[in-house]
Amino acid sequence: MAEEVMNNKQIILKHYVEGYPKESDMEFKNNNVKLNVPEGSNVVVLKNLYLSCDPYMRSRMSKLEGSYPITGCGVAKVLKSGDSNFQEGDLVWGMTGWEEYSIVTATQSALFKIHDKNVPLSYYTGILGMPGMTAYVGFYEICSPKKGETVFVSAASGAVGQLVGQFAKMLGCYVVGSAGTKEKVDLLKNKFGFDEAFNYKEEKDLVAALKRYFPNGIDIYFENVGGKMLDAVLVNMKLHGRIAVCGMISQYNLEKTEGVHNLFCLITKRIRMEGFLVSDHYHLYPKYLEMIIPQIKGGSVVYVEDIAEGLENAPKALVGLFYGHNVGKQVVKVSRE
Ligand code: NDP
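Conventions adopted
- Residues numbered from 1 in each chain as written.
- Predicted model: local features only at pLDDT ≥ 70, side-chain atom pairs only at ≥ 80, totals over all residues.
- Heavy atoms only, no water.
- Helix = DSSP H or I, 4+ residues; strand = E, 2+ residues; numbered from the N terminus.
- Buried < 20%, exposed > 50% of the residue type's maximum accessible area, 1.4 Å probe, protein only.
- Contact = heavy atoms within 4.5 Å.
- Areas by Shrake-Rupley, 256 points an atom, 1.4 Å probe, with all protein chains shown as cover.
- Domains from an automatic or database assignment.
- Buried area = accessible area lost by both parts, 1.4 Å probe.
- Salt bridge = Lys/Arg side-chain N within 4 Å of Asp/Glu carboxyl O.
- Polar contact = N/O pair within 3.5 Å; in protein donor to acceptor, adjacent residues only side chain to side chain.
- Phe/Tyr/Trp six-rings, centres within 6.5 Å; stacked < 30°, edge-to-face > 60°.
- Lys NZ or Arg CZ within 6 Å of the ring centre and 35° of its normal.

Taking an unreviewed UniProt entry as the reference, the protein chain is identified by name as Enoyl reductase (ER) domain-containing protein belonging to Solanum pinnatisectum.

S.K.: Even after reading the chapter, I still don't get the overall build of the protein chain, so can you show me in this structure?
M.R.: Across its full length, the protein chain holds nine helices and 16 strands. Oriented by its inertia axes, the alpha-carbon framework of the protein chain measures out at about 70 × 40 × 35 Å. When burial is assessed residue by residue, the protein chain has 55% of its 337 residues classed as buried. Residue pairs at least 24 apart in sequence account for 69% of intrachain contacts in the protein chain once pairs closer than 6 positions are excluded. Total accessible area on the protein chain stands at roughly 15,300 Å², and carbon and sulfur atoms take up 51% of it.

S.K.: Just checking my understanding: could you explain the domain arrangement of the protein chain for this structure?
M.R.: A common measure of how large an interface is: the accessible area buried when the components associate. Once the domains are mapped, the protein chain shows domain 1 (5-126 + 304-333) and domain 2 (130-279). With centres defined by C-alpha atoms, the gap from domain 1 to domain 2 works out at 29 Å. Contact residues are listed per partner, giving 20 residues for domain 1 and 15 residues for domain 2. At the boundary of domain 1 with domain 2, total buried surface from both sides reaches about 1,400 Å², with 61% on carbon and sulfur atoms. The largest share of the area that domain 1 buries against domain 2 comes from Gly126, Val304 and Val327, three residues that together contribute 32% of it. Counting across the domain 1 and domain 2 interface gives zero salt bridges. Our count for the domain 1 to domain 2 interface comes out at five residue pairs in polar contact (both at pLDDT 80 or more).

S.K.: Help me understand the packing of aromatic side chains in this model?
M.R.: Any pair of aromatic rings gets described here by the distance separating the centres and the angle formed by the planes. Inspection of every chain in the model, using the stated rule, returns 17 aromatic pairs. Between Phe152 and Phe198, the ring centres sit 5.9 Å apart and the planes meet at 5 degrees, which makes this aromatic pair stacked. In this pair, Phe152 sits in strand E9 (residues 150-153) while Phe198 sits in strand E11 (residues 196-199), placing the two residues 46 residues apart along the sequence. With respect to class, Phe152 is no different from Phe198; both count as buried. Ring plane angle 5 degrees and centroid distance 5.3 Å describe the contact between Phe198 and Tyr213, whose orientation is recorded as stacked. Taken together, the residues Phe198 in strand E11 and Tyr213 in helix H5 (residues 206-213) connect sequence positions 15 residues apart. Classification of Phe198 by relative accessible area gives buried; the value is 2%. Here the aromatic cluster, defined as three or more aromatic residues joined through ring pairs, consists of Phe152, Tyr174, Phe198, Tyr213, Phe214 and Tyr221. Against the face of Phe86 rests Lys113, its NZ or CZ located 6.0 Å from the ring centre.

S.K.: Help me understand the environment of Ser279, please; the structure alone is not making it clear to me.
M.R.: Inspection of the secondary structure puts Ser279 in the loop between strand E14 (272-275) and helix H8 (285-298). Under the relative-accessibility criterion, Ser279 is labelled partly exposed at 48%. The spacing of Ser279 and Ile267 is 12 residues in sequence and 29 Å in space, taken between C-alpha atoms.

Here it is in structure tokens:
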């Protein structure tokens, strides 16, 4: 069989990253790729359509040995397949490369076939993909929420946070979110239906700010940022409160992470603080889709995306996460279907 060789534009990480990542840590390169499936192989050849920018990608930029193409979640079309579970023309999401074409195996990439195409395809990087599952598992499984409870969400307008707030509102909770700009605070209140929202960058005293919104304390904290916010939350928690530790983005670029001073509150207030990784919970994905797709189609859940056009703009989009430049889920559109 003749080999099909294509030019493959890629984003390469050039070197080990210290501190905040920069666009110049990455470069745009052209490499050739053979799009064939070797005899007897189970590889799947993908054409990438959308790539996802996610905070966890920062940790993969550390302790680097040699340069390598960046990997991350994405939505792709199957061009060729040696795996009988996938056929040419299928749409999939899973771990793929920051490049035009990727050659993967279904197991390594945790590929999911996309069945419902009557929703924006980019949603499979967000609400219908990993961040959506994170919000679902973190809120319903880890927080043990009950109607009428008080809920605080940090990084609330992002890929995960905007959904946590909406899930909590649907359950009948009182929900407050924090975000880093006025535009995001307006979105929280006017688009996602949070009861209250505040710009944490404008608050000199976070303990007092939380006290203002939660005079009787917080039952549930959905933790996305860590650091000073966590410290301020701890003293504002109610007895038997729950903290789902999803992420700590304020710490990812620091050489030395900040100390948390108020952990003693865990004891005095009998708080349950539990970390989780979405990857341990993918068996719940079908159940999640059953719940969320009708909600999207019926308009009871909304989702805001920030879509950068073109692979060459992916580094800027990824770096922007750590400066709060994204408004909603940060996606990169690589090519048309
Ligand atoms: P977002 O879409 O929310 O983007 C990141 C946002 O974080 C930025 O827009 C910014 O918003 C905020 N931010 C950046 N730096 C800081 C800082 N120093 N202090 C406070 N806020 C900051 O990201 P995701 O929704 O995708 O992820 C949210 C969190 O969930 C992250 O911590 C991530 O690591 C975690 N996560 C965990 C998973 C798990 O399995 N446990 C899976 C997926 C995500 P702003 O303008 O409001 O500051």
